[in-house]
Every structure is written in structure tokens, then in C-alpha cells.
Amino acid sequence: VRTFTNSGTLSITGGSLTFDYLVIAGGGGGGLGNPAGSTIKGAGGGAGGYLTSSTTFSAGSYTVTIGAGGTSGSASTNGGDSVLGSITAIGGGAGKNADGAVGGSGGGGGAYAGGFGGAGTSGQGNNGGDYSGTNSGGGGGAGAVGTTGGAGTGGAGLSSSITGTAVTRAVGGTAGSNASGAANTGNGAGGGTSGGVTTAVGGTGVVIIRYLTSGTN
């Protein structure tokens, strides 16, 4: 098993290599928490796109890019794409004060401006949750859509045992939690608190490969 937590190069020598892979993009940032005195919380960021399968690469060098986590606030940003050769996982959509951003999984829609959840990318994630009343939506996760209104819980992630241990990654951010995504999980950032505290960032992405033969550097 080889895990890339930072960008680099996969070099294959001595013939083709068949391997299992898990590619997860960076999680999206969360929406702005509204000022003290307001009960409106910021929307959650969407999880980074989640791709897992098996493939064969011929001998050569392949670029590996690890997507950055998105930032939160009034100009919240999507997570960065993660890339393994020709395989690209799309960065998570940012939670917004209006409609959530499109991404690997979509960002939650903000209650401040009556926003709806952003769309997730087919085969990589799910939609963000919509606002409901004064409640913002949670970010979409790799395993489920973000919750609409209420607590604005982020969508569930997916578990993988590619490293030999089951680990759940690519969880959507929860509205108003202001919780950052853990490094190399692709988790979405939590939205800002109702008191206006908005500092969370999305989790960075990761690329993991598992192979049975030698021939990589």
C-alpha cells in the first residue's frame, strides 16, 4: 500500500501495474456564520469527490495531486481536485449564504438568503442540504445527501479498508459547527456559528494505491 498525503509522482518501472485505488479530493469550505444576535448558522461544506476502483497503468511517470481544503467565510471556496494520472476527483462544493456550490459533493444552502444545496458530481458524491426556515443545510457526503434544515448535519461518508483498516472519509460539513475537516479525509468544513465565528477549513484530499507486485517508486 502506498499513501500520498502530498502531491508527488507515481513512477512505474518494469512493465504495467494493476492496482486498487482510492482518490479523494479536498473538502469544501463552510458558509459565513451570521453576527451575534442572529440564530442563523453558516451552511456546511461538501465533501471532496470520492473515487475507488481498480485499474492498470503502463510503465511511466504519473502526476499525483492532493487537493487542498476549501476556506470558509463570506467568500467560501471549493476544495481542490485530487488527481492520479487520468483519474480526477472533484473538490467539494463550498457552503454558502445563498445556494451551495457544486462540487464532488455539493455545499449546503444558507438560510440567510434562502439557499438550496449544491449538486454533487455523479459517481463521486451527493447533493448538499437545502435551507429550511432559519436553518442552513449540511454539506453533502460521499455516502449521503446533506440534511435539510434542522441541525444541518453533513452527509455521511464512505468507509474503505484499502489500507487494511476500515476508515470513513469524505463526510459532509455540519451547519454552524465551525469544525475543520481532518487532514487527508476530504471532509467538508462546518459552517460558521450563529455568533459569527467562521474559521474552519475543509480536509485535504488523499490518494491511496494498493498493489501486489513491485515496480513502483
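Here is a short report on the structure shown in this document. Everything numeric in this text was worked out from a predicted model, so none of it was measured.

### Some remarks on the overall build of the protein chain
Helices and strands together make up the secondary structure of the protein chain, namely 0 helices and 10 strands. In the protein chain, the succession of helices and strands from N to C terminus is β-β-β-β-β-β-β-β-β-β. Whereas a compact globule of 217 residues would reach a radius of gyration of roughly 17 Å, the protein chain reaches 17 Å, a difference of no more than 12%. Each principal axis of the C-alpha distribution contributes one length, and for the protein chain these read about 65 × 25 × 25 Å. Per-residue burial for the protein chain yields a buried fraction of 51% across its 217 residues. A sequence separation of at least 24 residues applies to 55% of the contacts in the protein chain between residues at least 6 apart. Working note: accessible area of the protein chain is about 8,000 Å², and carbon and sulfur atoms make up 51% of it. Looking at the protein chain, you have 5 positive and 4 negative side-chain charges, and the mean spots of the two groups are 12 Å apart.

### Re the sheet that holds strand β2 (residues 8-12)
Read from one edge of the open sheet, 4 strands run β2-β5-β6-β7, paired in antiparallel fashion. In the strand order of this sheet, the two ends are held by β2 and β7 (87-89), each with one partner. For this sheet, the mean angle separating the axes of adjacent strands, direction not counted, is 15°. Bridge analysis of strand β5 (residues 60-65) against strand β6 (residues 82-84) gives 2 bridges, and the strand direction is antiparallel. Considered in β6, the bridge of Val64 is made with Leu84.

### A short note on the pairing of β5
The two faces of the sheet receive side chains in turn, since in a regular strand these alternate between them. Alignment of β2 against β5, held across 5 bridges, turns out to be antiparallel. Directly across from Leu10, in β5, lies its bridge partner Tyr62.

### Brief notes about the environment of Gly141
Inspection of the secondary structure puts Gly141 in the loop between β7 and β8 (158-160). Assessed through its relative accessible area of 0%, Gly141 is described here as buried.

### Digging into the packing of aromatic side chains
Under the criterion given, the structure shown has 3 aromatic pairs. A ring pair is formed by Phe116 and Tyr131, whose centres lie 5.9 Å apart and whose planes are at 70°; its orientation type is edge-to-face. Residue Phe116 is located in the loop between β7 and β8, and its partner Tyr131 is located in the loop between β7 and β8; the two are separated by 15 residues in the primary sequence. Taking relative accessible area as the criterion, Phe116 reaches 46% and is therefore assigned partly exposed. Put simply, the rings of Phe19, Phe57 and Tyr62 touch in pairs and so form one group of aromatic residues.

Reading guide: rules and limits
Residues numbered from 1 in each chain as written. Predicted model: local features only at pLDDT ≥ 70, side-chain atom pairs only at ≥ 80, totals over all residues. Heavy atoms only, no water. Helix = DSSP H or I, 4+ residues; strand = E, 2+ residues; numbered from the N terminus. Rg over C-alpha atoms; globule rule 2.2 N^0.38 Å. Buried < 20%, exposed > 50% of the residue type's maximum accessible area, 1.4 Å probe, protein only. Contact = heavy atoms within 4.5 Å. Areas by Shrake-Rupley, 256 points an atom, 1.4 Å probe, with all protein chains shown as cover. Lys, Arg positive; Asp, Glu negative; His and termini not counted. Charge placed at Lys NZ, Arg CZ, Asp CG, Glu CD. Pairing = 2+ DSSP bridges. Axes fitted to C-alpha atoms, helices over the stretch in contact; angles between N-to-C directions. Phe/Tyr/Trp six-rings, centres within 6.5 Å; stacked < 30°, edge-to-face > 60°.

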